[in-house]
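Here is how the chains run, residue by residue.
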Amino acid sequence: MKITGTFLDEISHDIPHQNWGEKEWEKDFQSMKLAGIDTVILIRCGYKRFITYPSEVLMRKRNCYSPPLDLVDLFLRLSDKYGMKFFFGLYDNGCTSRAWEVGALMEELDDAKAVAEEVWRKYGHHKSFQGWYLNHEISAGKKSSQALEEMVKYNQLLGGFVKDISGNLPTMISPYIAGVKKVGADNAVDINEHEKNWDNILSAFKGKVDILAFQDGHCDYEELLDFMQINKSIADHYGMTSWTNCESFDRDMPIKFLPIKWEKMLLKLEAAAKAGVDKAITFEFSHFMSPNSMYQSAHGLFDRYMEYIQEK
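A brief look at the structure comes next. (Residues numbered from 1 in each chain as written. Predicted model: local features only at pLDDT ≥ 70, side-chain atom pairs only at ≥ 80, totals over all residues. Heavy atoms only, no water.)

Next up on the list: the overall build of the protein chain. Across its full length, the protein chain carries 11 helices and 10 strands. Here the protein chain has a C-alpha radius of gyration of 18 Å; the compact-globule value for 312 residues is 20 Å, and the two agree. Summarising its shape, the C-alpha atoms of the protein chain cover approximately 45 × 45 × 35 Å along the three principal directions. Of all 312 residues assigned to the protein chain, the portion counted as buried reaches 58%. Taking all contacts inside the protein chain whose residues are at least 6 apart in sequence as the whole, residues at least 24 apart take part in 78%. Taken together, the 37 basic and 46 acidic charged side chains of the protein chain have centroids lying 3 Å from each other. (Helix = DSSP H or I, 4+ residues; strand = E, 2+ residues; numbered from the N terminus. Rg over C-alpha atoms; globule rule 2.2 N^0.38 Å. Buried < 20%, exposed > 50% of the residue type's maximum accessible area, 1.4 Å probe, protein only. Contact = heavy atoms within 4.5 Å. Lys, Arg positive; Asp, Glu negative; His and termini not counted. Charge placed at Lys NZ, Arg CZ, Asp CG, Glu CD.)

Pasting the structure below:
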């Protein structure tokens, strides 16, 4: 199983910013191409007041700062140049910490729609603009809640909206399992609970969400294949494409976040291959597995990964 897509974490909400300009980003796109990456996903176009392009909508409505570099334009030009597909991640006003409070998330819907319209008008002519990323991450625990219903409704409405304005370009989500590494052993869902919950969620997303890319880091390694097989089965049932988000950072470490140990990534890629998922993407190449990363251990991960794909 090869990693053929990566998120682009431009705002660096919870990981250090690398302070790259156009020269450094092009060098990294060249490294992505060398590693076989054909898809890049902007994880969010803005967070709170920091944004990736000079959005008139967000500078007016959210008093956002005007960025020194239009990264959306840069990423699209580089995607055009290196033959990659680009998925645009929508705006996050910072309510993520309150997203599970009833009413908090829906406050953002109008802003997200306005941003989508602005971006499609401004950048939709690029050949590489091939999809949308609905960036609020969903999880379903042991108990259903009104907040979960609202999260599902938000993504359902936004997914339908961006598909309508862009001629039905595909939409993707990257949810997470309510597993032991996220909620602890007492609250972690089992396979049956997970399947029931996500069958309900994906039934609401049919026709609005096209690609399901579950994060692979929230359960134990020995459980992962079972969860991946369930995820693929449900996605197939609702006519969705099943990807895996193979996290290239290590959730087992006390420090957030460092590049993952190669042996752990290999376990996850082998599970994805056995489950028969259609594509592996990662969060995220530039910090955690790039030869250009600020982390020296990312350079080693890149070398081990390149040896792996060349052996295959």
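Two numbers describe how helix H4 (residues 109-123) lies on helix H5 (residues 146-165): the axes approach to 10 Å, and their chain directions differ by 20 degrees. When the axes of H4 and H5 are compared, the pair comes out roughly parallel. Between H4 and H5 the crossing geometry is right-handed. The residues of H5 that touch H4, namely those facing Leu109, Ala112, Lys113, Ala116, Glu117 and Trp120, are Tyr154, Leu157, Leu158, Phe161, Val162 and Ile165. (Axes fitted to C-alpha atoms, helices over the stretch in contact; angles between N-to-C directions. Parallel < 35°, antiparallel > 145°, perpendicular 65-115°, else oblique. Left-handed = near helix turned anticlockwise from the far one by under 90°.)

Counting 87 residues, the largest nonpolar core has Phe29, Phe88, Val115 and Tyr305 as the members making the most contacts within it. Residues within four places of Val115 in sequence aside, it is in contact with Cys45, Tyr53, Val57, Leu58, Phe88, Leu90 and Tyr91. (Core = buried A, V, L, I, M, F, W, Y, C linked by side-chain atoms within 4.5 Å.)

Here the residue pair Lys256 and Phe257 is connected by a cis peptide bond, since its omega of -5 degrees sits within 30 degrees of zero. Looking along the chain, the bond that leaves Phe283 and enters Glu284 is cis, with omega of -25 degrees. Examined against the element boundaries, Glu284 turns out to sit in the loop between strand S10 (279-282) and helix H10 (285-288). Its identity as a non-glycine residue notwithstanding, Lys48 has a phi of 55 degrees, on the positive side. By secondary structure assignment, the location of Lys48 is in the loop between strand S3 (46-47) and strand S4 (50-51). Classification of Lys48 as partly exposed rests on a relative accessible area of 42%. With a phi close to 70 degrees, Asn168 is a non-glycine residue in the positive phi region. Mapping Asn168 onto the fold places it in the loop between H5 and strand S7 (171-173).

A few words on helix H7 (residues 191-205). Counted at 1.5 Å a residue, the expected span for H7 with its 15 residues is 21 Å, and the 21 Å between its end C-alpha atoms agrees. Of all the residues in H7, the buried ones are His194, Asn197, Trp198, Ile201, Leu202 and Phe205. Seen from one end, H7 has its buried residues packed into an arc of 125 degrees, which puts them on one side. Relative to its buried face, H7 has exposed residues pointing more than 90 degrees away, namely Asn192 and Lys196. In this fold, the buried residues of H7 make contact with H5, S7, strand S8 (211-215) and helix H8 (221-237). (Expected span 1.5 Å × (residues − 1). Arc of directions from axis to C-beta.)

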